[in-house]
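If you want the building blocks of each chain, they are given just below.
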Amino acid sequence: MSVGRPALTLVWTAAVAAVLVQSLALSPTSRLAPLWVAVPTLGLLLVKLVRDLVRGPEGAMEPPSAARVASVPRSIDERRARRPREARLAAWALLSLALVYAAGIVVSVPLVLAPFLRFEGELPWRRSLAVAAGISLGFYLIFVRLLAVTLPPGALL
Amino acid sequence: MILQAAWDGLVILFTWPNFLLPVVGTVLAMVFAFLPGVGGVTLMALAIPLTFSWSPLATVLLFGALVGGGTFMGSVTSILFNVPGTAPNAATMLDGYPLARRGEANTAIACAATASALGSTIGILLLVALIPVVRTVLIAVGPAEVVVLALWGLATVAMVSRGAMLEGLIAAGFGLLVGFVGLDPRTAEVRFTFGFDYLHDGVPMIPVFLGLFGLAEMMDLYVSRRRTISDQAGPGRLTGSRRRGAAAVLKNPRLLLQSSLLGTGIGVIPGVGGTVASFVAYGQAARSVPDGRFGDGDIRGVLAPEAANDAKDGGSLLPVLAFGIPGSEGTVMLLAALTLHGVVPGPELLRNDLTLVFVLIWSLIFSNWLTSLLGLGVAGRAARVTRVRAQLLVPVIGLLVVLGALAYRGSFGDLVLTFLFGAVGYGMKVNGWPRVSFVIALVLASLLEINLLLALRLREVGRLQLLDRPLLMALVLLLVATLSLPLLRRLRPAGKEAAPS
């Protein structure tokens, strides 16, 4: 997630390079447009990579645009401070994915919400369970019953 | 014919129960736009899969309201908390917040509401006036023109990513490459699936939108440790005069018209969007008003950006409806919704289904006015919403995103893709990469490739002579100029650089 500028650029560079290599195995018609895009994109990525490496981790920050005023971490300390939360977020995301896959979304909602509200929202257990139950019930009544949204079942349930 | 279509569209809008959809859409857009960092785009991304089984008419009624319904409400948090509800509302903060601190919050909000409603109406009227002109021009638009126009749209989007131009261009390139995944439209060759059957039909857009915008915003809210959306205490009772605020707009008709024209004109340009429109209008207002105290609570500093921001909706619909080229995140969602429901923008739509176009336009006007009227009434009470704890908002919006991803095609793969692009979107956001470049490129990839191959084929058989196509030459010059301007600016001697205000 917030892995810093050169690392993110490297990931993108690797992805575009992989596309470029795969393009060469395609027929001339199929690879025309991808090559026209991949080659200059790769060039720009290499320019950015060099720029990020030269500037270093603290680097010169571009003037923030109005569209991203608050979210861009201003210093390497701020980036480091975000990493534990990002790791926790990744854990919650993986747990949610696993539960939805195994049990379906209807069962997963209260199973994820209650501990999230308890451990992240710092609510007492009773209130966490009550709020989770309320939201789960509301979700079920509105989307599953009223709007009849079709949702896939879990693999195990 | 245009007048008849406009009348038919108006009748359809106000026919029961059609009327309910724009009302519901407006209220939802108001709620979402009011929450800084969440925004109307997240709502639209959520709405697309949930309205999959709806008719094209119902979709147009809802999405017209979603496009128009959020623009004013974001200004309320700008005025009350100095936190823009959406990026285009940032310019409103400059004078709106000082006004609120002086006890004139109601005055500022009323001015913003009135300017929004009138600005959007002017923008829409200009759009309607341009439709007959565009229908004539469309005859001259062939595959080569579409390619250059799409490239110009992408270049403009990337170029206006202030301070992140390189990242904007790279994101656009990456978006195009993601759009090429799947079956080649001409040869049916499988491309860039890396062995995953799931990607055979290409990368589905809905999970990408949900992840890139909805999930990424919630991830950022969680990680940034804000206790509430606005991170501030509530405003208490609002003071000031609504009548004075509304009257300020009517007392400055020239400024209103100037800002609306600027907003509409900027809205037509793909990729430029509300943020640029509102700031350009603000800057022009500051320059054109000699006795202004802009930045210190001048009511005209609220009028100008709000009028421009709403007028741009009318302008931005023109490239979407005429060419299928979106210019902002909102129009990307609109285009995706229309296409998924079998409404294909372009000459056919403007020729054969003008009534549906006018239903969209009327829904947009209606929602703008309803937002202003309702927002004026509930602004003070609604401000309390921003004190909802982030830890409650994050799982609820996250749940809606998961629901949207699963409801789309009932595929767990879509959910995984949503989370993946959530991570990508979060990474882009915290590292200052513009996501709008990526999504516009993704949406344009197929259009670009098909027309590029067609144009090259026409050239091969001698049916495309560049010098015989003045529109194409003009578009090529425009593209070259757009790409060269930043370079020329850097080469200019330092002393001649105008300092931005």
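This structure is a prediction, so every number in the text was calculated from the model and none was measured.

K.L.:
Kindly report on the overall build of chain A, identifying the contributing residues and their values.
P.N.:
The helix and strand inventory of chain A stands at five helices and zero strands. The linear arrangement of helices and strands in chain A, starting from the amino end, is α-α-α-α-α. Once local pairs closer than 6 in sequence are excluded, the contacts in chain A between residues at least 24 apart make up 51%. Working note: accessible area of chain A is about 8400 Å², and carbon and sulfur atoms make up 72% of it.

K.L.:
Explain the interface of chain B and chain A to me, and be specific about the residues and the numbers.
P.N.:
Each partner contributes residues to the interface: chain B has 63 residues there, and chain A has 65 residues. Interface area for chain B against chain A, summed over the two sides, is near 5700 Å², with a carbon-plus-sulfur share of 76%. The largest share of the area that chain B buries against chain A comes from B:Phe192, B:Tyr222 and B:Asn431, three residues that together contribute 13% of it. The salt bridge involving A:Arg82 is made with B:Asp220; its shortest N-O contact spans 2.6 Å. Linking chain B with chain A are 13 residue pairs in polar contact (both at pLDDT 80 or more). When residues of the side of chain B that touches chain A are assigned to their parent elements, the largest contribution, eleven residues, is made by helix α18 (residues 390-409) of chain B. Of the residues in the side of chain B that touches chain A, the class split is 41 nonpolar, eleven polar and eleven charged.

K.L.:
Tell me about the packing of aromatic side chains, and please be specific about residues and values.
P.N.:
Throughout the structure, instances matching the rule amount to twelve aromatic pairs over all chains. Measuring from centroid to centroid gives 5.2 Å for A:Trp92 and A:Phe116, while their planes differ by 70 degrees, and the two rings are edge-to-face. In this pair, A:Trp92 is assigned in helix α3 (residues 76-103) and A:Phe116 in helix α4 (residues 105-119), connecting sequence segments 24 residues apart. A:Phe116 matches A:Trp92 in its accessibility class, with the two residues each being buried. Ring centres of A:Tyr101 and B:Phe412 lie 4.9 Å apart, and the angle between their planes is 55 degrees; this geometry places the pair in the tilted category. Here the residue A:Tyr101 occupies a position in helix α3, and B:Phe412 occupies one in helix α19 (residues 412-430), the pair thus bridging two chains. Looking at A:Tyr101, the relative accessible area reads 47%, which means it is partly exposed. Take B:Phe412: its relative accessible area is 27%, and that puts it in the partly exposed class.

K.L.:
Kindly report on the packing of helix α10 (residues 205-223) of chain B against helix α20 (residues 435-460) of chain B, identifying the contributing residues and their values.
P.N.:
All names here are of chain B. Packing of α10 against α20 leaves a shortest axis separation of 11 Å and a crossing angle of 170 degrees. Comparing the axis directions of α10 and α20 gives the class roughly antiparallel. Taken together, the residues of α20 that come into contact with α10 (itself represented by Met205, Val208, Phe209, Leu212, Phe213, Ala216 and Glu217) are Arg435, Phe438, Val439, Leu442 and Val443. Classifying every residue of the contact of α10 with α20 by side-chain character gives ten nonpolar, no polar and two charged.

K.L.:
Summarise a nonpolar patch on the surface; cite the residues concerned and give the values.
P.N.:
There is a patch of nonpolar side chains on the surface, built from A:Leu137, A:Leu141, A:Ile142, A:Leu146 and A:Leu147 and spanning about 510 Å² of accessible area. With respect to the element layout, A:Leu137 can be found in helix α5 (residues 125-146).

K.L.:
Can you tell me about the nonpolar core, naming the residues and giving the values?
P.N.:
A:Ile105, B:Phe63, B:Phe209 and B:Phe438 are the most contacted members of the largest nonpolar core, which has 153 residues in total. Excluding anything up to four places from it in sequence, B:Phe438 contacts B:Ala171, B:Ala172, B:Phe174, B:Gly175, B:Val178, B:Val208, B:Leu212, B:Phe421 and B:Met428. Counting 32 residues, the second largest nonpolar core, distinct from the first, contains B:Phe81, B:Leu99, B:Ala115 and B:Ile299.

K.L.:
So what's going on with the environment of A:Leu49? Which residues, and what values?
P.N.:
Residues and elements named next belong to chain A. As for its placement among the helices and strands, leucine 49 is situated in helix α2 (residues 28-55). Judged by its relative accessible area of 13%, leucine 49 is buried. Each C-alpha atom, one on leucine 49 and one on arginine 83, is 22 Å from the other, the two residues being 34 residues apart in sequence. Once residues lying within four places of it in the same chain are set aside, the contact partners of leucine 49 are Pro6, Thr9 and Leu10.

K.L.:
Now, about the side chain of B:Thr264: what can you tell me, with residues and values included?
P.N.:
All names here are of chain B. Structurally, threonine 264 is set in helix α12 (residues 253-268). Separated by 2.8 Å, the side chain of threonine 264 and the backbone oxygen of serine 260 make a polar contact. Apart from residues lying up to four places away in sequence, threonine 264 is in contact with Gly123, Leu126, Ala311, Lys312 and Gly315.

K.L.:
Residues and numbers for the confidence of the model for chain A, please.
P.N.:
Residues and elements named next belong to chain A. Mean pLDDT over chain A stands at 82; residues scoring 70 or higher make up 83%. The spread of mean pLDDT over the elements of chain A runs between α3, the lowest at 87, and α4, the highest at 91. Confidence over residues 59-70 falls short of pLDDT 50; this stretch has 26 contacts with residues more than four positions distant or in other chains.

K.L.:
If you had to explain the pattern of salt bridges to someone new, which residues and values would you point to?
P.N.:
Scanning all chains against the criterion turns up 17 salt bridges over all chains. Measuring nitrogen to oxygen at the nearest pair gives 2.9 Å for the salt bridge that ties A:Lys48 to B:Glu167. In this pair, A:Lys48 is assigned in helix α2 and B:Glu167 in helix α9 (residues 165-179), connecting two distinct chains. With respect to class, A:Lys48 is no different from B:Glu167; both count as buried. Among the ionic pairs, B:Arg244 bridges to B:Glu104, the shortest N-O distance being 2.7 Å.

K.L.:
So what's going on with the environment of B:Leu154? Which residues, and what values?
P.N.:
Residue and element names in this part refer to chain B. As for its placement among the helices and strands, leucine 154 is situated in helix α8 (residues 143-159). In this structure leucine 154 comes out as buried when scored by relative accessible area, which is 6%. Not counting chain neighbours up to four residues away, the residues in contact with leucine 154 comprise Ala172, Leu176, Ser437, Ile440, Ala441, Leu444 and Leu448.

K.L.:
So what's going on with the side chain of B:Ser316? Which residues, and what values?
P.N.:
The topology assignment puts B:Ser316 in helix α14 (residues 300-323). Contacts of B:Ser316, omitting those with residues within four sequence positions, involve B:Gly267, B:Val268 and B:Thr331.

K.L.:
Tell me about α5(A), and name the residues and values.
P.N.:
Since the α-helix packs 3.6 residues into each turn, any two residues three or four apart lie on the same face. Residue and element names in this part refer to chain A. A rise of 1.5 Å per residue sets the reference length of α5, with its 22 residues, at 32 Å; its end C-alpha atoms lie 30 Å apart and thus fit the reference within 8%. All of the buried residues in α5 are Ser128, Ala132, Ile135, Ser136, Phe139 and Phe143. Taken from the residues just after α5, alanine 148 is the one with a positive phi, measuring 50 degrees.

K.L.:
I'd love a proper account of the confidence of the model for chain B, names of residues and values included.
P.N.:
Keep in mind that low pLDDT regions are not for reading the predicted coordinates in detail. Residue and element names in this part refer to chain B. Mean pLDDT over chain B works out to 81, with 86% of the residues at or above the 70 mark. Confidence, read as mean pLDDT per element, is least for helix α13 (residues 273-288) in chain B (76) and greatest for α19 (91). In the predicted structure, residues 495-501 sits below a pLDDT of 50 and forms two contacts with residues beyond four places in sequence or in another chain. Taken together, the chains of this predicted complex give a pTM of 0.74 and an interface ipTM of 0.87.

Criteria and thresholds
- Residues numbered from 1 in each chain as written.
- Chains lettered and ligands numbered in written order.
- Predicted model: local features only at pLDDT ≥ 70, side-chain atom pairs only at ≥ 80, totals over all residues.
- Heavy atoms only, no water.
- Helix = DSSP H or I, 4+ residues; strand = E, 2+ residues; numbered from the N terminus.
- Contact = heavy atoms within 4.5 Å.
- Areas by Shrake-Rupley, 256 points an atom, 1.4 Å probe, with all protein chains shown as cover.
- Buried area = accessible area lost by both parts, 1.4 Å probe.
- Salt bridge = Lys/Arg side-chain N within 4 Å of Asp/Glu carboxyl O.
- Polar contact = N/O pair within 3.5 Å; in protein donor to acceptor, adjacent residues only side chain to side chain.
- Nonpolar A, V, L, I, M, F, W, Y, C, P; charged D, E, K, R; others polar.
- Phe/Tyr/Trp six-rings, centres within 6.5 Å; stacked < 30°, edge-to-face > 60°.
- Buried < 20%, exposed > 50% of the residue type's maximum accessible area, 1.4 Å probe, protein only.
- Axes fitted to C-alpha atoms, helices over the stretch in contact; angles between N-to-C directions.
- Parallel < 35°, antiparallel > 145°, perpendicular 65-115°, else oblique.
- Patch = residues over 30% accessible without salt bridge, like charges linked within 9 Å, V, L, I, M, F, W, Y side chains within 5 Å.
- Core = buried A, V, L, I, M, F, W, Y, C linked by side-chain atoms within 4.5 Å.
- pLDDT = per-residue confidence, 0-100.
- Expected span 1.5 Å × (residues − 1).

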